[in-house]
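Each chain is listed here by its residues.
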Amino acid sequence: MYRTALRNVLAHKGRLLMTALAILLGTAFVSATLVFSDTLGQAMKNSYAKSYTDVSVLVTDPTAGTRFGSRTKEDARPAEKLTDATVKQIAALPGTDRARGVVSGFLGVSDKNGNLIGQVWSAMGSNYAPDASGKDSRYPLVAGKAPSGPKEVALDKATAEKGGYHVGDTVRIASNGPALDVKLAGIVTTDDPQVTSGGTLTLLDTASAQKMLLTPGQYSSVSVLAKSGTTESALLDEVDKVLPKDSNFRTETGQHLNDEQAKMIAQGTDGMKTMLLVFAIISLFVSVFIIANTFTMLVAQRTKELALLRAVGASRSQVTRSVLVEALALGVAASVTGLLAGVGIGAGMQSLIHATTTGMPTGPLVIAPTTVVVTLVVGVLVTVLSAVLPALRASRIAPVAAMSSGDQPASQKSLVVRNVIGSVITIGGLGLVLMGAAAKNSSGRMPVGAGVALALIGIFVLLPLLSRPVIALVGPLLAKLAGTPGKLARRNAVRNPRRTAATAAALTIGLALVTGLSVLGSSITDMVNKAVTSSMKADYDVSTATGDLTPELATAVSKAHGVAVSSPIARVFWEFNGSSHSVRGFDAAGFEQLVQPKMISGSASALKQGQILVDSDMAKKEGLSVGSTLKVDFRADREGVDRDGTVTVGGVYEGNAMISEVIMANAEIIKHDPEPYFSDVLVKGTDGPSAALKQSIKEATGNNPVVEVKTKQDMRDEFNKMITFALNMMYGLLGMAVVIAVIGVINTLAMSVFERKREIGMLRAIGLDRSGIKRMVRLESVVISLFGAVIGVALGTFAAWAVNRTLISSLPTLTTVVPYGQLLLFLLLAGLVGLFAAMWPARQASKLDILTSIKTD
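Per chain, the residues get numbers from 1 upward, laid out in the order the sequence is written. Only residues with pLDDT of at least 70 get local features here, since the model is predicted, and only at 80 or more are side-chain atom pairs given and counted; chain-wide, interface and lining totals rely on the full set of residues. Side-chain measures here rest on the full set of heavy atoms in the structure, leaving out hydrogens and waters.

Draft legend 1. Region of interest: the overall build of the protein chain. For the protein chain, the count of helices and strands is 27 helices and 22 strands. Dimensions of the protein chain, computed from C-alpha atoms along their principal axes, come out at roughly 100 × 70 × 50 Å. Looking at the protein chain as a whole, 49% of its 857 residues qualify as buried. Note on areas: Shrake-Rupley, 1.4 Å probe, and residue coverage restricted to the protein chains presented here. Looking at the protein chain as shown, the accessible area adds up to about 38,300 Å², and 61% of this sits on carbon and sulfur atoms. Strands here are runs of E lasting at least two residues and helices are runs of H or I lasting at least four, both read from the DSSP assignment and numbered beginning at the N terminus. Summary of the burial criterion: residues with accessible area below 20% of their type's maximum are buried, those above 50% are exposed, and those between are partly exposed, where the area comes from a 1.4 Å probe applied to protein chains only.

Below, the structure written as structure tokens:
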């Protein structure tokens, strides 16, 4: 029986080719994901291993450079700072060889066109701290001299080359305040991974760096190197003893920092690996339908052969094992090929990322034993398990079937049982979805997720039942447009409902996911667009790419020529009646000219009386109305500032994505937090928005490359680009599943043509020409593809609606928006996919010889 099984694989290798290709693509996706993520992770670990080579202990001040004013009750105490005195104390310890105060923070560099060099997140500023020799060993000079005074800087070599700068040139630098023009005093090199991986480094002398990035005399951290013979843990104990016991300082050994860094890199690559593997699993799940369909058709086509085996003595278990051995052989061959292909794809992805991403580390290809084992095991298991049901059906073929011809149709009883099971699963899944959606909060997400999964499985089980009525709807149209080939195509599509369902299911999965993502994206985009349009009256929103701006920058913007009114937006987190809430502050005098909240009760002018506005969701939860008072914990940690107090509600408004929870006058916030965090500045011009006003604002900031001046449309476009990018990435990752689904359609049609040779020959004999045969096969493919697409679009839209309902508690203005044009495009593309998939099978069908086909047994 095993020899027979292997001979069958070789005998039907042409019919198994498409199935093998589907398995190959799925396993290649898995293999490429594992190889790429392992290689990238190892390259990043090797690159970042140099981060703490000269650090035995690092003392860090986590509050350095922050202006949030939002500490918890437990942390409400005057903040200690790392100063020169701290550095001297640590340097005097018996185990210390060297102690260096480090200043660090965001500091961007503009190129000669006024654009920021590199990415915001990797733009770093630090201090050049020379030792007794007058040099800083961290940053060897390759040209010029060390920076001295607030008007001189040094740049790393790569940044200087990108900007086209040479020693002596004027360079524009910018933090979160107005930009400054300084002289390039020197150019340095560094092995700091953040810089070598594409970041920018700007160095100032220590005093200037402290003034610009922190406060005078303050350090972000102190780097300590141990003397020979002193362990890191022993030095850590010494350092801890000289630091204030109640300080916020964090002390860590160099080894611990390296370990934590390696852990963070692993977590990052693991997250990417998990996301890619999810889409790989989706692709393999789609392959399951193709594999099962292929073996079902092979078993049906070999009914006589299998019946003869039973007649000559083969038992049911032997027949079952023979089919599973065929699946095993196919799975092993396809998985090995997929593994090799995945290794090549992974190497190509690594090279592509390195070539297109500046500074991205690279290294030798990593092919872990786990990659080999997982890829082969997954590929073989998926193939064998997918063939189990066809194998069981094969074992049920009676020996007497050797005397009959044709397929053994599914019994009415088996279809009834299938439909009952599918109905129960679907109803249960839909019930869970509706229950979760009714919750209108995060507690409903688990039921919705489980319900969608159950409903999807139930729909798959019911697809044979759904195929007849759905496809019947297009029957009259096919007959009218294509005549006899159209009628035949419809009948062929519903002749074997199980086969049609298995073929369509692959497309259903892909379209359901794509549709769900599209509806969610459209709904969130619509919510943001409405929020910006309805609540923002300002002409421009001024912000920095870092999301943080200084009061000096806000003042500079307010003084720009053509600005009629402006207001910085302050953000703090305070406790109201024991619950933490976000507070957004605006200048009370200009609030109603810049922002237009939809008031439910009270008035926005209440801000001028020192009262607050709360959104409807908070008002409902806390039982608030106009005139209500709330106890507030301002989380103040400064002497002379009240920590607790009460505020009065002056109005309730409808919250949205732009403004939510508590609105308060900036003057009131500053009473309790003199240095709040400012995120934006809203601006209204004397003559409305104009290019001149925008340029005036930019000039007021010193043409700071970090500052962004955006209109309402700019804000909408920026968010839309983010959503579009995320959706395109998801579509791309789902592309493999769609490709496998197309292979499934091709495979089904090709095998269907093979088993219908006699029928096609008879059609040719009674007058249907070659072009009619082609149209029949093509239309059959299009009908099956559209059937799967319609079910997928409907299921995806329903799932997106349910998910949106669970987000209402956090996004109260979110409504489900169906992008009808986009969904129609998906259906059109599904039809084109069906047309493309039928090209080869239709061509093969039209080439069949009439007499040879009629004589086929």
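Draft legend 2. Spotlight on helix 15 (residues 475-495). Here helix 15 spans only 14 Å end to end across 21 residues, well under the 30 Å set by a 1.5 Å rise per residue. Most pronounced at alanine 482, the bend in helix 15 amounts to some 145°, and the proline proline 485 follows within four residues. Of the residues making up helix 15, those classed as buried are Gly475, Leu478, Ala482, Pro485, Gly486, Leu488, Ala489, Asn492, Ala493 and Val494. Lining the buried residues of helix 15 we find helix 14 (445-472), helix 16 (497-535), helix 23 (757-765) and helix 24 (770-806). Here the expected span of a helix is defined as 1.5 Å times the quantity of residues minus one. At every residue, the bend is computed as the angle between two fitted axes, covering the seven residues ending there and the seven beginning there respectively. Pairs of residues are marked as contacts when any of their non-hydrogen atoms sit within 4.5 Å.

Draft legend 3. Spotlight on the sheet that holds strand 12 (residues 250-253). Strands are labelled as partners when DSSP assigns at least two bridges between them. Pairing is antiparallel in the open sheet, where four strands are placed in the order 2-11-1-12. This sheet does not close on itself; its edge strands, each paired only once, are strand 2 (96-102) and strand 12. Averaged over all pairs of adjacent strands, the angle between their axes in this sheet comes to 15°, without regard to strand direction. Pairing analysis gives four bridges linking strand 1 (residues 57-60) to strand 12, with the strands arranged antiparallel. Residue valine 57 lies in a different strand from strand 12, and its bridge partner there is threonine 253. Fitted lines through C-alpha atoms give the axes, limited to the stretch in contact for helices. The angle between two N-to-C directions lies from 0 to 180 degrees.

Draft legend 4. Spatial organisation of the nonpolar core. Among the buried residues, those of types Ala, Val, Leu, Ile, Met, Phe, Trp, Tyr and Cys that are joined through side-chain atoms within 4.5 Å form a nonpolar core. Val286, Leu463, Ile773 and Val777 are the most contacted members of the largest nonpolar core, which has 64 residues in total. Take this core: its biggest share by element is eleven residues, from helix 22 (residues 712-755). Beyond its immediate stretch of four places on either side in the chain, isoleucine 773 contacts Ile760, Leu763, Arg764, Leu768, Ala845 and Ser846.

Draft legend 5. The side chain of serine 543, seen in detail. Structurally, serine 543 can be placed in strand 13 (residues 540-544). Here serine 543 falls in the buried class, since its relative accessible area comes to 5%. Among residues more than four places away in sequence, those in contact with serine 543 are Leu549, Ser679, Asp680, Val706, Val707, Glu708 and Lys710.

Draft legend 6. Looking closely at the confidence of the model for the protein chain. Across the protein chain, the average pLDDT comes to 85, with 93% of residues at or above 70. In the predicted structure, residues 67-77 sits below a pLDDT of 50 and forms 30 contacts with residues beyond four places in sequence or in another chain. pLDDT: the predictor's confidence for each residue, scored from 0 to 100.

Draft legend 7. Quick peek at the packing of aromatic side chains. Side-chain rings of Phe, Tyr and Trp, where Trp is taken by its six-membered ring, are said to pair if the distance between their centres is within 6.5 Å; with planes under 30 degrees apart they count as stacked, over 60 as edge-to-face, and otherwise as tilted. Enumeration according to the criterion identifies seven aromatic pairs in this entry. A centroid spacing of 6.2 Å and a plane angle of 45° characterise the contact between phenylalanine 285 and phenylalanine 460, whose relative ring orientation is tilted. Linking phenylalanine 285 in helix 8 (residues 254-301) with phenylalanine 460 in helix 14, this pair joins segments that are 175 residues apart in sequence. Since its relative accessible area comes to 35%, phenylalanine 285 is described here as partly exposed.

Draft legend 8. Inspection of helix 12 (residues 388-395) at higher detail. Of the positions making up helix 12, those classed as buried are Pro390, Ala391, Ala394 and Ser395. An end-on view of helix 12 places all buried positions within 140° of arc, on one side of the element. For this quantity, the arc is that covered by the directions from the helix axis to the C-beta atoms.

Draft legend 9. How the structure looks around the packing of helix 14 against helix 16. Across the interface, helix 14 lies against helix 16 with an axial gap of 8 Å and an inter-helix angle of 105°. With respect to helix 16, the element helix 14 is oriented roughly perpendicular. Here helix 14 contributes Phe460, Leu463, Pro464, Ser467, Arg468 and Ile471 to the contact with helix 16, which in turn contributes Pro497, Arg498, Thr500, Ala501, Ala505, Thr508 and Ile509. Asp, Glu, Lys and Arg are counted as charged, while Ala, Val, Leu, Ile, Met, Phe, Trp, Tyr, Cys and Pro are counted as nonpolar; the rest, among them Gly, fall into the polar class. Tallied by class, residues from the contact of helix 14 with helix 16 come to eight nonpolar, three polar and two charged. If an angle is under 35 degrees, it is roughly parallel; if it is over 145, roughly antiparallel; if it lies from 65 to 115, roughly perpendicular; otherwise it is oblique.

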